[in-house]
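# Observations on the model geometry
So the chains spell out like this:
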Amino acid sequence: MTTTQPLQTEESLDPQDWDELRGLGHRMVDDLMDYLRTVRNRPVWRPIPAELRARFHGPAPRTPEGAEKAYRDFKEHVLPHPMGNIHPRFWGWVIGTGTPLGALSEMLAAGMNPNMGGGDHVPNHVEAQVLDWCKEMLGYPRSASGLLLSGGSMANLVGLTVARNARAGFDLRRAGVRGAGGPLTVYGSSEMHSSIQKGVELLGLGSDALRIVPVTSAFEIDIAALERMIREDRAAGCRPICVVGNAGTVNTGALDDLEALVALCARERIWLHVDGAFGALAALVPEYRERLAPISSADSLAFDLHKWMYIPFEAGCTLVRDAETHRRAFSLTPNYLTHAERGLAAGDLWFSDYGIQLSRGFRALKVWMSFKENGLDKYGRLVRQNIEQARYLAELVRDAPDLELLAPVPLNIVCFRYVAPGQSDQALDAVNQEILIQLHERGIAVTSNALLQGRFALRVAIVNHRSRLDDFDLLVREVRKIGAELSDLKA
Ligand SMILES: Cc1ncc(COP(=O)(O)O)c(C=O)c1O
């Protein structure tokens, strides 16, 4: 039998010298503010030198290096090589910018460090209020439920889970998907985001059960084709459970005809989930309000706060109209999580009953503080500013003889390419791929790409509160310059 030696000294992770850490903290804040204020003066992105990459392959430290050293290493080796998405000329994928106050509020959230799974503490009320504000912003009733999540992919997964369980027609949580007589089918357009397929696969439905509906020339779901597919599936013994509508497709920002989808789903008794990852936020802009009003009639809605609300990563959200249906999909209360009448385990805010996570971070604080800092009207103006910048860029492209617009611009995404006379589509694809890489490598701008009707497009998605019109002038100038250089090389 071994005997335990009493501890000679007890340790903690608090600093031995609080003033020293306070000083370091002040320097961190100063450095960060300088870094953010001067971001425009730096390249958007730079290749990582080989010796810097190698630094990240060393072993874990066994002994303390200290806070000063940890910060010095961060400042010297991490900070100078950002992704670039805080820069005014970052327009790749759909990646938001973040804000200085958002960054500071992350520090406060980590300082309080609550676990947002449940319990009676004020941070939970902060999340509940953020959810209420989101409902108000997007026209959902107060009685709806919601949850903050890591992003749109998780928000889609939660919406799809509720849809599957609600419309399976049997107790799916108990019987599993094998309890269904035939395939449980889900519908969405060919332009829907890959996270929907991931979700359908994770839910055990199988990607074969995800029916890909064709789109119109505006990249919007073809409603007649959708109706036909549902009818044929029913006749073949499938159970259609969910339609996914897009409020802003990832490639071009197309808005499906949501009003038609609401009517169709009500008629067919199918769950309507809307993926409004970024596009839902256009509801803050008066001209788009009517077009987006039907999202408030969807059964569930996924959207991101880290995209077009410029909140630092990570922050996504799901809203579900029928709170009880939402709760039924996830709630599980073992005795060690019993919700109490009094004490810390009391209260009716148990977010763990509405999602997969039990332990959850205080991501609500950065949203709460940012909404208070700016007010919704300002977000509406910024969303509109990005839409107007997209229209401006589209005009520049239309006016340039060597550029071609490849898709309509309904929102904040512009897809275009450089064109040189006499070149095949294949040759143009290669030229535009090289233009994209050179834009990155020269630190000029970050755009990503889309494949539209088989053609490679430079894709500019504007969810950036720092961009200015002259940034788009510069982009067009540089694309044309690089395109001409590449064409000269070929000639
Ligand atoms: C339409 C759409 N849905 C879902 C997602 C996934 O969101 P996230 O990256 O936050 O998981 C994206 C991301 O760009 C998107 O554009």
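Here we summarise the structure given alongside this text. (Residues numbered from 1 in each chain as written. Predicted model: local features only at pLDDT ≥ 70, side-chain atom pairs only at ≥ 80, totals over all residues. Heavy atoms only, no water.)

## Quick word on the packing of helix H4 (residues 100-112) against helix H13 (residues 364-399)
When two helices pack together, their arrangement is given by the angle between their axes and by how far apart the axes lie. Note the following rule: All axes are obtained by fitting lines to C-alpha atoms, using only the stretch in contact for helices, and the reported angles, taken between N-to-C directions, cover 0 to 180 degrees. Secondary structure follows DSSP: runs of H or I at least 4 residues long count as helices, runs of E at least 2 residues long count as strands, and numbering of each begins at the N terminus. By the definition adopted for this analysis, an angle is roughly parallel if under 35 degrees, roughly antiparallel if over 145, roughly perpendicular if from 65 to 115, and oblique otherwise. Handedness of a crossing follows from how the near helix is turned relative to the far one, being left-handed for an anticlockwise turn of less than a right angle and right-handed for a clockwise one. In this analysis, two residues are considered to be in contact whenever any of their non-hydrogen atoms come within 4.5 Å of each other. Residues were grouped as follows: Ala, Val, Leu, Ile, Met, Phe, Trp, Tyr, Cys and Pro as nonpolar; Asp, Glu, Lys and Arg as charged; and all remaining residues, including Gly, as polar.
Orientation of H4 relative to H13, taken along the N-to-C sense of each, is 140°, at an axis distance of 8 Å. Classified by the angle their axes make, H4 and H13 are oblique. The way H4 lies across H13 gives a crossing that is right-handed. Facing H4, whose interface residues are Leu101, Gly102, Ser105, Glu106, Leu108 and Ala109, H13 presents Leu365, Lys366, Met369, Ser370 and Glu373. Of the residues belonging to the contact of H4 with H13, the class tally is five nonpolar, three polar and three charged.

## Let's talk about the site of the ligand
For clarity, the cut-off: A single heavy atom is enough: if one lies within 4 Å of a molecule or strand, its residue is considered near that molecule or strand. In protein, a polar contact requires one atom able to donate a hydrogen and another able to accept it; more generally it is a pair of N or O atoms within 3.5 Å, and residues adjacent in sequence count only if both atoms are side-chain atoms. Areas reported as accessible are Shrake-Rupley estimates using a 1.4 Å probe. Residue values count occlusion only from the protein chains shown.
Taken together, 15 residues form the shell around the ligand, and within it Gly152, Ser153, Asp275, Asp304 and His306 come nearest. Between an oxygen atom of the ligand and a main-chain N or O atom of Gly152, the distance comes to 2.8 Å. Between the ligand and the protein, one listed contact pairs a nitrogen atom with a side-chain N or O atom of Asp275 at 2.7 Å. Compared with its free state, where it exposes 390 Å², the ligand has 84% of that area covered by protein. In terms of residue count, the dominant contributor to the shell around the ligand is helix H6 (residues 152-167) (three residues). The residue inventory of the shell around the ligand, partitioned by class, reads four nonpolar, eight polar and three charged.

## Examining the side chain of Ser448
Using the following cut-off: Between buried and exposed lies partly exposed: a residue is buried under 20% and exposed over 50% of the maximum accessible area for its type, with that area taken using a 1.4 Å probe on protein chains only.
Tracing the chain through its elements places Ser448 in strand E11 (residues 446-452). Since its relative accessible area comes to 2%, Ser448 is described here as buried. There is a polar contact of 2.8 Å between the side chain of Ser448 and the backbone nitrogen of Trp93.

## Focus: the nonpolar core
Filter applied, for reference: Nonpolar cores were defined as sets of buried Ala, Val, Leu, Ile, Met, Phe, Trp, Tyr and Cys residues, with membership established by side-chain atoms within 4.5 Å.
Formed by 106 residues in total, the largest nonpolar core has its most connected members in Phe303, Leu305 and Trp308. Non-local contacts of Phe303, meaning those with residues more than four positions away in its chain, are made with Cys134, Met137, Leu138, Ala155, Gly276, Ala277, Ala280, Leu281, Gly316, Cys317 and Leu319. One finds Tyr418, Leu436, Ile444 and Val460 within the second-largest nonpolar core, a separate group that totals 28 residues.

## What about the packing of aromatic side chains?
As a reminder of what qualifies: Any pair of Phe, Tyr and Trp rings, taking the six-membered ring for Trp, is counted once the centres come within 6.5 Å. Such a pair is stacked with planes under 30 degrees apart, edge-to-face with planes over 60 apart, and tilted for the rest. Two limits define a charge over a ring: the Lys NZ or Arg CZ must be within 6 Å of the ring centre, and within 35 degrees of the ring normal.
Using the criterion set out here, one finds six aromatic pairs in the structure. Where Phe90 meets Trp93, the ring centres are 6.5 Å apart and the plane angle is 35°; that geometry is what we call tilted. Looking at Phe90, the relative accessible area reads 2%, which means it is buried. Each member of the aromatic cluster is reached from another via a ring pair, and the members are Trp133, Phe371 and Tyr379. The ring of Tyr35 has Arg42 sitting right over it, with the charged end atom 4.2 Å from the ring centre. Between Lys372 and the ring centre of Trp368, over which it is positioned, the NZ or CZ distance is 4.6 Å.

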